Amino acid sequence: MKHEPQSPYYSELGRLSFSPGWARAEPSMWAAPKPKFRPAVWRFAAAKRALDQSGALVPAEQTERRNLIMVNPIEGNSYATTRHLVAAYQCVLPGDTARTHRHSAAALRLVLAGKPGTYTVVNGARIDMAPGDVVLTPSWSWHGHVNESDTTSYWIDFLDIPFIQLSEALFFEPHPSGGLEPITSHGPSEMRIPSGEALGPGRDAKTAEVGKAVMPTIAMHLLRQPKGGSVDVAKSTTNNIYAVVSGTARFTPTGGLTETLAPGDVIAMPCWHAHRVEAAEDTVIFRVSDEPLLRTLGLERTGAA
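This one's a predicted model, so the numbers in the text were calculated from it and none came from an experiment.

1. Observations regarding the packing of aromatic side chains
Summed over the entire model, instances satisfying the criterion amount to five aromatic pairs. On the basis of an interplanar angle of 75° and a centroid distance of 5.7 Å, the ring pair of Phe158 and Phe286 is categorised as edge-to-face. Taken together, the residues span a long stretch of sequence, with Phe158 in strand S10 (residues 153–159) and Phe286 in strand S22 (residues 283–289) at a distance of 128 residues. The pair Phe158 / Phe286 is uniform in exposure class, with both members buried. Where Tyr242 meets Phe251, the ring centres are 5.1 Å apart and the plane angle is 50°; that geometry is what we call tilted. In this structure Phe251 comes out as buried when scored by relative accessible area, which is 0%. For Arg126, the ring lying beneath its charged end belongs to Tyr119, and the centroid distance is 3.8 Å.

This is the structure:
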């Protein structure tokens, strides 16, 4: 039969919810990744202004979280930062509480600014938060946030919600109390990782993986580079999100424009985008990726630059 998509034969296939594999408008397989997500940058200064304005416009009771999601600017996307990960700037105003909830997605946060008196409660444990801390919230852990200081606290959230949404295994539950869960303990916790302690003293180039035993779907690395140092990252199936902790960094994707990031700024480097990272001064960078997810599925692969 001659291939004529408008023929009665093909119309009947469509009515039966069939699609002929030999007549697809677009191929379903290809020789190498064809990423739809692209490198994109978000600035902490712009997010801070917008979050501060939200305090006067949006009452706390109307927000589950006072956050701004970093949406990758590709057609049809309304949520994800990269294919499997989402990042968001979040703040808690002085005296405010972000009520406790839990979800099947794993979450973590990089603290950007805040005074003592800012803490999160994870499964009843109070965990104090300070700038430079990485704070973990494993899948299905109760967590809420409190700011008892006199200034607004800010951080970046990272979650694997896009992957969980794709798997259709997303669950969410507010705490029965309707507010903050009761605090049952307070002290050192493996859920809090100060970046300075993870990297140790010195200014030499160093990479430290953190939280490996806690977050099975998300990899977290702290990268330290002295002024003038650089790292070349080959294209791979890994999706990366970088946030500058301190210093200034330049990111250059192959064939793209160089972006200079200050503390709190974020850049997405989706899969199959080779890139260079350069330190314009002594710099610490936080990298979040879906490496363990791809490795577990046997999909981790690196290509030539």
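Now, onward.
2. Notes on the sheet that holds strand S16 (residues 230–233)
With antiparallel pairing, the four strands of this open sheet are ordered in space as S16-S21-S18-S19. One side of each edge strand has no neighbouring strand; the edge strands of this open sheet are S16 and strand S19 (259–261). This sheet shows a mean twist of 20° between the axes of neighbouring strands, independent of strand direction. Bridge count for strand S18 (residues 249–253) against strand S21 (residues 275–279) is five bridges, and the pairing is antiparallel. In the sheet register, Thr252 faces S21, and the bridge partner there is Arg276.

3. Some points on the sheet that holds strand S9 (residues 143–147)
On the basis of which strands lie adjacent, the open sheet formed by six strands has the order S11-S4-S9-S6-S7-S12 and mixed pairing. Since the sheet does not close on itself, it has two edges, and those belong to strand S11 (172–174) and strand S12 (185–186), each with one partner. Note: strand S4 (residues 97–103) against S11, three bridges, orientation antiparallel. Across the sheet, residue His103 finds its bridge partner in S11, namely Phe172.

4. So, the pairing of S21
Every second residue of S21 is oriented toward a common face, the buried set being His275, Val277 and Ala279 and the non-buried set Arg276 and Glu278. By the bridge criterion, four bridges tie S16 to S21 in an arrangement that is antiparallel. Each bridged residue has a counterpart across the sheet, and for Ser230 the counterpart in S21 is Glu278.

5. Quick look at the pairing of strand S7 (residues 125–128)
Here is the key point about a regular strand: its side chains alternate between the two faces of the sheet. The pairing of strand S6 (residues 118–122) with S7 spans four bridges and is classified as antiparallel. In the strand pairing of S7, Tyr119 is matched with Asp128. Turn length for the S6-S7 hairpin, with the two strands adjacent in sequence and antiparallel, is two residues, and the turn residue Asn123 shows positive phi of about 50°. Here two bridges tie S7 to S12, and the two strands are oriented parallel to one another. Paired with Ala125 across the two strands is Ser185, which belongs to S12.

6. Quick word on the side chain of Thr237
The topology assignment puts Thr237 in the loop between S16 and strand S17 (240–246). Look at Thr237 and you get buried, because its relative accessible area is 16%. There is a polar contact of 2.8 Å between the side chain of Thr237 and the backbone oxygen of Leu299. Every residue in contact with Thr237, bar those within four places of it in the chain, is listed here: Pro33, Cys271, Trp272, Leu294, Leu299, Glu300 and Arg301.

7. Notes on the side chain of His84
Structurally, His84 is set in the loop between strand S2 (67–69) and strand S3 (86–92). Within polar-contact distance, the side chain of His84 engages the side chain of Asp290 at 2.8 Å. Once you skip the residues sitting within four places of it in the chain, His84 turns out to touch Leu159, Asp160, Ile161, Pro162, Phe163, Leu166, Asn239, Asp290, Leu293 and Leu294.

Conventions used here
- Residues numbered from 1 in each chain as written.
- Predicted model: local features only at pLDDT ≥ 70, side-chain atom pairs only at ≥ 80, totals over all residues.
- Heavy atoms only, no water.
- Phe/Tyr/Trp six-rings, centres within 6.5 Å; stacked < 30°, edge-to-face > 60°.
- Helix = DSSP H or I, 4+ residues; strand = E, 2+ residues; numbered from the N terminus.
- Buried < 20%, exposed > 50% of the residue type's maximum accessible area, 1.4 Å probe, protein only.
- Lys NZ or Arg CZ within 6 Å of the ring centre and 35° of its normal.
- Pairing = 2+ DSSP bridges.
- Axes fitted to C-alpha atoms, helices over the stretch in contact; angles between N-to-C directions.
- Polar contact = N/O pair within 3.5 Å; in protein donor to acceptor, adjacent residues only side chain to side chain.
- Contact = heavy atoms within 4.5 Å.

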